[in-house]
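Reading the structure
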Amino acid sequence: MGPGINIRRTPLAGRGYEYYAEDPVVSGDIAAALINGLQNEGVGASLKHFAANNSEYRRTEMDSIIEERALREIYLAGFQRAIAKSQPWTVMSSYNRLNGVQTSQDPFLLTQVLRDEWGYQGLVMSDWYG
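Each value, and the rule that gives it
Residue positions are given per chain, counting from 1 as you read along its sequence in written order. In keeping with the predicted nature of the model, local features appear solely for residues at pLDDT of at least 70, side-chain atom pairs appear and are counted solely at 80 or more, and the whole-chain, interface and lining totals rest on all residues. Here the side-chain values reflect all heavy atoms present in the structure, with hydrogen atoms and water set aside. Fitted lines through C-alpha atoms give the axes, limited to the stretch in contact for helices. The angle between two N-to-C directions lies from 0 to 180 degrees. For the purposes of this entry, the term helix denotes a DSSP run of H or I that reaches at least four residues, the term strand denotes a run of E that reaches at least two, and both are numbered from the N terminus. Take the far helix as the reference: if the near one is turned anticlockwise from it by less than a right angle, the crossing is left-handed, and if turned clockwise, right-handed. Note on contacts: a residue pair qualifies if any of its non-hydrogen atoms lie within 4.5 Å across the two residues. Under the convention adopted here, Pro, Cys and the residues Ala, Val, Leu, Ile, Met, Phe, Trp and Tyr are nonpolar, Asp, Glu, Lys and Arg are charged, and Gly plus all remaining residues are polar. Think of it this way: DSSP has to see at least two bridges between two strands before they count as a pair. Every case where a carboxyl oxygen of Asp or Glu lies within 4 Å of a side-chain nitrogen of Lys or Arg is listed as a salt bridge. Buried residues are those whose accessible area, probed at 1.4 Å on protein chains only, stays under 20% of the maximum for their type, while exposed residues exceed 50% and partly exposed ones sit between those limits.

**Let's talk about the packing of helix α1 (residues 24–40) against helix α3 (residues 77–86)**
Across the interface, α1 lies against α3 with an axial gap of 8 Å and an inter-helix angle of 30°. The two elements α1 and α3 cross, and the hand of that crossing is right-handed. Residues P24, V25, G28, D29, A31, A32, I35, N36 and Q39 of α1 form the contact with α3, whose own contacting residues are A77, G78, R81, A82, K85 and S86. For the contact of α1 with α3, a count of residues per class yields seven nonpolar, five polar and three charged.

Right, here's the structure in full:
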């Protein structure tokens, strides 16, 4: 169930220890290396939490309000980089809403960006009770 590469916004975030950096290039490159290492040994990786999971506090209820430019340049760039360099077997959606839409049901994120723009072919799954 990893790697997790959301952008660390605060050291107090409950999953801050799990995410790599505040930089999407660094996060994407480290994640791609880990994914390639796992999958070369026959172990599938699950790139998570897609996307904008920046707080553990009420993460199943929160709504991340992010303009598209910031979303693409900061929050999605690491995912895009990791997927392009490693093609993880799965991508796990986050619990939060993004601009009012639950991420596990968001056609913008899951269809337009992930499938159509980035060409991701693997399995997309929700987080455990997302």
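**Some details on the sheet that holds strand β6 (residues 123–125)**
Sheet architecture is open: three strands sit in the order β1-β3-β6, paired in parallel fashion. The sheet is open, and its two borders are formed by β1 (46–50) and β6, each paired with just one other strand. On average, each strand axis in the sheet is inclined to that of its neighbour by 20°, with strand direction left out of account. Pairing of strand β3 (residues 90–93) with β6 involves three bridges; the strand directions are parallel. The residue bridging M92 from the neighbouring strand is M125, located in β6.

**Details of the pattern of salt bridges**
Considering all chains together, one arrives at five salt bridges under this definition. Ionic pairing is found between D29 and K85, a salt bridge with its closest N-O pair at 2.9 Å. With a gap of 56 residues between them, D29 in helix α1 and K85 in helix α3 connect regions that are remote in the sequence. Taking the relative accessible area as the measure of exposure, K85 reaches 46% and is therefore partly exposed. The salt bridge partner of R72 is E68, with a shortest N-O separation of 2.8 Å. Of this pair, R72 and E68 both sit in helix α2 (residues 68–75), four residues apart, which is roughly one turn of the helix. By relative accessible area, which is 42% here, E68 ends up partly exposed. Salt bridges sharing common partners tie together D29, R81 and K85.

**Concerning the sheet that holds strand β5 (residues 101–102)**
Through backbone hydrogen bonds, the strands of a sheet pair up, either in parallel or in antiparallel fashion. The strand order across the open sheet built from three strands is β2-β4-β5, with neighbouring strands paired in mixed fashion. Sheet topology places β2 (63–64) and β5 at the edges, where each strand pairs with a single neighbour. The pairing of strand β4 (residues 97–98) with β5 spans two bridges and is classified as antiparallel. What sits directly across from R97, in β5, is Q102.

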